[in-house]
Amino acid sequence: MRQACSNAITRSSFQSEALGGVYNYDCRLVDQINLKVRYDIATFTAQPEPIWASDGTRYEWKLHTASEIIAVMVDMNEHIKYSQVKLATKLAAVDAAIEAEQVIAIEW
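Parameters and conventions
Residues numbered from 1 in each chain as written. Predicted model: local features only at pLDDT ≥ 70, side-chain atom pairs only at ≥ 80, totals over all residues. Heavy atoms only, no water. Helix = DSSP H or I, 4+ residues; strand = E, 2+ residues; numbered from the N terminus. Expected span 1.5 Å × (residues − 1). Contact = heavy atoms within 4.5 Å. 1 Å grid on protein atoms, 1.4 Å probe; cavity = no way out; pocket = protein on both sides within 12 Å on 5 of 7 lines; lining within 4 Å. Points joined across faces, edges and corners; volume = space filled by probe spheres on them. Nonpolar A, V, L, I, M, F, W, Y, C, P; charged D, E, K, R; others polar. Phe/Tyr/Trp six-rings, centres within 6.5 Å; stacked < 30°, edge-to-face > 60°. Buried < 20%, exposed > 50% of the residue type's maximum accessible area, 1.4 Å probe, protein only. Core = buried A, V, L, I, M, F, W, Y, C linked by side-chain atoms within 4.5 Å. Pairing = 2+ DSSP bridges. Salt bridge = Lys/Arg side-chain N within 4 Å of Asp/Glu carboxyl O.

Quick word on helix α2 (residues 29-45)
Turning to step 1, where the next piece is worked out: The terminal C-alpha atoms of α2 lie 24 Å apart, and with 17 residues this matches the ideal 24 Å at 1.5 Å per residue to within 8%.
Turning to step 2, where the next piece is worked out: Where α2 is buried, its residues contact β3 (49-54), β4 (59-64) and α3 (66-96).
Turning to step 3, where the next piece is worked out: Positive phi shows up at alanine 46, right after α2, with a value of about 60 degrees.

Printed below as a string of structure tokens:
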């Protein structure tokens with residue numbers, strides 16, 4: 001279950017309207033780290049920073065201000081929390097199961 005949760009977070013993209021339109025962003029660990037680094041730099045320099053974003057057809061560098069990066073990070077956090085809440089629900093079902101068949105029936 002934990003691996004399925006991790007995969008749901010890192011192997012799928014999430015959407016954000018931080019730039020005004022809907023863009024997709026990846027959520028691998030390196031993407032999460034890069035967002036934080038880019039936010040720190042944009043805040044320190046007061047200059048936009050490029051982040052990979054997709055309009056649904058292709059990924060390209062898009063400049064983001066610090067406030068736009070924060071908006072992307074908030075959307076990323078919601079993407080992550082969705083899978084974590086699902087994991088918590090599944091693990092609670094496993095804990096409540098009495099028989100092995102009940103555990104086996106619980107799928108991601």
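Things to note about the side chain of glutamate 49
Turning to step 1, where the next piece is worked out: With respect to the element layout, glutamate 49 can be found in strand β3.
Turning to step 2, where the next piece is worked out: Leaving out residues up to four positions away in the same chain, glutamate 49 has contacts with Arg38, Ile41, Ala42, Lys62, Leu63, His64 and Ile69.

Concerning the layout of surface pockets
Turning to step 1, where the next piece is worked out: The space that makes up the largest pocket amounts to roughly 220 Å³.
Turning to step 2, where the next piece is worked out: It is α2 that provides the largest number of residues to the lining of the largest pocket, a total of 4 residues.
Turning to step 3, where the next piece is worked out: Among the residues making up the lining of the largest pocket, the classes are represented as 8 nonpolar, 1 polar and 4 charged.

What to know about the packing of aromatic side chains
Turning to step 1, where the next piece is worked out: For the structure shown, the criterion picks out 2 aromatic pairs.
Turning to step 2, where the next piece is worked out: With a centroid separation of 5.7 Å and an interplanar angle of 25 degrees, the aromatic rings of phenylalanine 14 and tyrosine 25 are classed as stacked. Of this pair, phenylalanine 14 sits in strand β1 (residues 14-16) while tyrosine 25 sits in strand β2 (residues 23-25), and the two are 11 residues apart along the sequence. By the burial criterion, phenylalanine 14 is buried, and tyrosine 25 matches it.

Digging into the nonpolar core
Turning to step 1, where the next piece is worked out: Among the nonpolar cores identified, the biggest contains 18 residues, and Phe14, Tyr25, Cys27, Leu35, Ile69, Val72 and Met76 are the most heavily contacted of them.
Turning to step 2, where the next piece is worked out: Of all the elements in the fold, those that place two or more residues in this core are α1 (2-10), β2, α2, β3 and α3.
Turning to step 3, where the next piece is worked out: Residue contributions to this core peak at 7 residues, all from α3.

Remarks on the pairing of β4
Turning to step 1, where the next piece is worked out: Where β3 and β4 come together, 6 bridges link them in antiparallel fashion. Residue pairing in the sheet places glutamate 49 in a bridge with histidine 64 of β4.
Turning to step 2, where the next piece is worked out: Linking β3 back to β4 in an antiparallel pair, the connection comprises 4 residues, with glycine 56 at a positive phi of about 105 degrees.

Here we look at the pattern of salt bridges
Two side chains of opposite charge can pair, provided their charged atoms sit close to one another.
Turning to step 1, where the next piece is worked out: Tallied over the entire structure, the rule returns 6 salt bridges.
Turning to step 2, where the next piece is worked out: Of the charged contacts, one joins lysine 36 and aspartate 40 as a salt bridge, the two residues approaching to 2.6 Å between their closest N and O atoms. Taken together, the residues lysine 36 and aspartate 40, both in helix α2 and 4 residues apart, mark about one turn of the helix.
Turning to step 3, where the next piece is worked out: The partner of lysine 62 in a salt bridge is glutamate 60, and the shortest N-O contact between them spans 3.7 Å.
Turning to step 4, where the next piece is worked out: On the accessibility criterion, lysine 62 (21% relative accessible area) is partly exposed.
Turning to step 5, where the next piece is worked out: Salt bridges sharing common partners tie together Arg58, Glu60 and Lys62.

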